[in-house]
Amino acid sequence: MVNLFVYLIVGTSLYNSRKHYDKLAEVTTQNLAKSLEANVSDILDKMNIVLFSVATETERHLSSRRIDKASLSLFAREQIRVLPELDRIVIADSSGTVLCGSDNTADSVNLSDRQYFSRLRSDPDLQLVVSNLLKGKVTGQWRVAVARRVNNPDGTFAGAAIGTFDVTFFDKLFSHLDIGKNGAVGIRDAEFKLIALNPKGKEAASQIGSDVVSQKTRDMVRANPVTATYKTVFARDNMERMVTFRKAAKYPYYIFATLSPVDYMTSWRKEAVGGLVLLLLFTSMTLISARFLYKSKVNALLHAEAKRYGDEMRQQNEELNAAISRVKRLEGIISICSYCKKIRTEEQSWEQLEKYFSEHSDAMFSHGMCPDCAAEQQRIFREAASSKKDPNDYH
């Protein structure tokens, strides 16, 4: 019972400790996701401001009915200096053809097939679009585009000012984070395509552009569009992790912060090992103590039994000695009177036969009359009756 009580205490303590570490991991991932979401949203807000300036400058050119490509390119380069996170800024006309850009070249590239361009062109009220993960048409590198609508003086669609940046920018943003050997932070777009991940794994599901995520993550995003914290087994490596995601406020990106129990439960595992060692020692001590107490109790019982047997034997010996003593008192030559049958004692006095045997043995006497004496007494009474004498005179 003592062992069970101690096991219950240690088990409850370890269970509560595990819950504490899980809760700590939840809070850590939540704070980390919130911080990263704020950083990413801040960067995208700055890009929006920069592109607003470029779009406004382009509309000013359109109002003068002449676009000065050199001037616009110079203006775009100046904005790149303001926000070096951007790799490039280009201005495209209403057909999607790139007119000029911050690198002072015009590509023979048409962007009309890009979803962000189509959305700006079809919706007059939509001023800013942030793209999902894209592959550059010229470089083939993974990129993200931020596009702002450019209007003609009459409000019709005139094109877009587009800023792009390489997703490796996020690697620099995440590189200083210490999230354990098996933890990770990442960004996915609205289609769950992986935009950034740190640290990157070697498996295909960890590469940029992969949309491999657990079904639980998809369900959680659908059920909680803004943020959620949960545990799930990652599809890319089948390891369980604590996950918190947050959606960037105005942008189609989800920031994920994850911690692995393999990392954040290290201290708890040490506590568990320590607790199990203590339980083992305590159990060994109680077993040894129980064995000692058992032996002590058995010895006490044996001692009590031996004492009882000894007492019984001593009593029996006393009774036997008493009996032997009584028997011995009747041994040897007993002096008895030939006439009255009295017996001479050791004190040289004469006692009745009955009294002597009663005092020197366990015998008891009852008086009766044998047939011979009965016949003799009858004869005496008859003679006394016939002669009218007292029968006692014959004695």
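In this text, all values refer to a predicted model and were calculated from it rather than measured experimentally. (Residues numbered from 1 in each chain as written. Predicted model: local features only at pLDDT ≥ 70, side-chain atom pairs only at ≥ 80, totals over all residues. Heavy atoms only, no water.)

Section: the overall build of the chain
- Along its length, the chain carries nine helices and 13 strands.
- Compactness check: the chain gives a C-alpha radius of gyration of 58 Å against a globular reference of 21 Å for 395 residues, more than 25% above the reference.
- In terms of its C-alpha atoms, the chain occupies a principal-axis envelope of roughly 195 × 40 × 30 Å.
- In the chain, which comprises 395 residues, the proportion classed as buried is 37%.
- Across the chain, every contact between residues at least 6 apart in sequence was considered, and the portion connecting residues at least 24 apart equals 48%.
- When the accessible surface of the chain is totalled, it reaches about 23900 Å², and 57% of it is carbon and sulfur. (Helix = DSSP H or I, 4+ residues; strand = E, 2+ residues; numbered from the N terminus. Rg over C-alpha atoms; globule rule 2.2 N^0.38 Å. Buried < 20%, exposed > 50% of the residue type's maximum accessible area, 1.4 Å probe, protein only. Contact = heavy atoms within 4.5 Å. Areas by Shrake-Rupley, 256 points an atom, 1.4 Å probe, with all protein chains shown as cover.)

Details of the environment of L111
- Structurally, the position occupied by L111 is in the loop between strand 2 (98-101) and helix 3 (115-122).
- Put simply, L111 and N224 are 113 residues apart on the chain and 34 Å apart in space, counted from C-alpha to C-alpha.
- Not counting the four nearest positions on each side in its chain, L111 is found in contact with G96, V98, Y116, F117, K137 and I162.

Observations regarding a nonpolar patch on the surface
- The grouping of V273, V277, L278 and L281 at the surface amounts to a nonpolar patch, some 380 Å² of accessible area in total.
- The exposed category is assigned to L278, whose relative accessible area is 57%. (Patch = residues over 30% accessible without salt bridge, like charges linked within 9 Å, V, L, I, M, F, W, Y side chains within 5 Å. Salt bridge = Lys/Arg side-chain N within 4 Å of Asp/Glu carboxyl O.)

Let's talk about the nonpolar core
- Counting residues in each nonpolar core, the largest one holds 57 residues, and the members touching the most others are F165, F170 and Y253.
- Looking at this core element by element, the count peaks at 15 residues for helix 1 (residues 2-63).
- Apart from the residues within four sequence positions on either side, F170 is in contact with V40, F165, I187, I195 and A196.
- If you look at the next biggest cluster of nonpolar residues, it comprises 16 residues, including A92, V109, F157 and A160. (Core = buried A, V, L, I, M, F, W, Y, C linked by side-chain atoms within 4.5 Å.)

Description of the pattern of salt bridges
- All told, the structure shown has 16 salt bridges when counted by the stated rule.
- Here E191 and K193 are joined by a salt bridge, their closest N and O atoms 3.8 Å apart.
- Judged by relative accessible area, which is 40%, E191 ranks as partly exposed.
- When the shortest N-O distance is used, the salt bridge between E383 and R379 registers 2.6 Å. You can see E383 and its partner R379 sitting in helix 9 (residues 371-387), four residues apart, about one turn around the helix.
- On the basis of relative accessible area, R379 is assigned to the partly exposed category, the value being 33%.

A few points about the sheet that holds strand 11 (residues 253-259)
- What the five strands build is an open sheet, ordered 8-7-11-10-9; its pairing is antiparallel. Looking at the sheet topology across the chains shown, the edges are occupied by strand 8 (194-198) and strand 9 (227-233). Strand-to-strand, the axes of this sheet are offset by a mean angle of 20 degrees, without reference to chain direction.
- Relative to strand 11, strand 10 (residues 240-247) runs antiparallel, the two being bridged by six bridges. Its bridge partner lying in strand 11, K247 is registered against Y254.
- Lying over the sheet, helix 5 (residues 215-223) contacts strand 9, strand 10 and strand 11, oriented at roughly 165 degrees with respect to strand 9. (Pairing = 2+ DSSP bridges. Axes fitted to C-alpha atoms, helices over the stretch in contact; angles between N-to-C directions.)

Some points on the pairing of strand 2
- Where strand 1 (residues 88-93) lies against strand 2, three bridges are found, and the strand directions are antiparallel. The partner of I91 across the bridge, within strand 2, is C100.

Focus on unusual backbone geometry
- The peptide bond linking N198 to P199 adopts the cis configuration, its omega dihedral lying at -5 degrees.
- Considering the arrangement of structural elements, one finds P199 in the loop between strand 8 and helix 5.
- Its identity as a non-glycine residue notwithstanding, F192 has a phi of 70 degrees, on the positive side.
- For F192, the location among the structural elements is in the loop between strand 7 (184-189) and strand 8.

These figures come from the coordinates and say nothing about function on their own.
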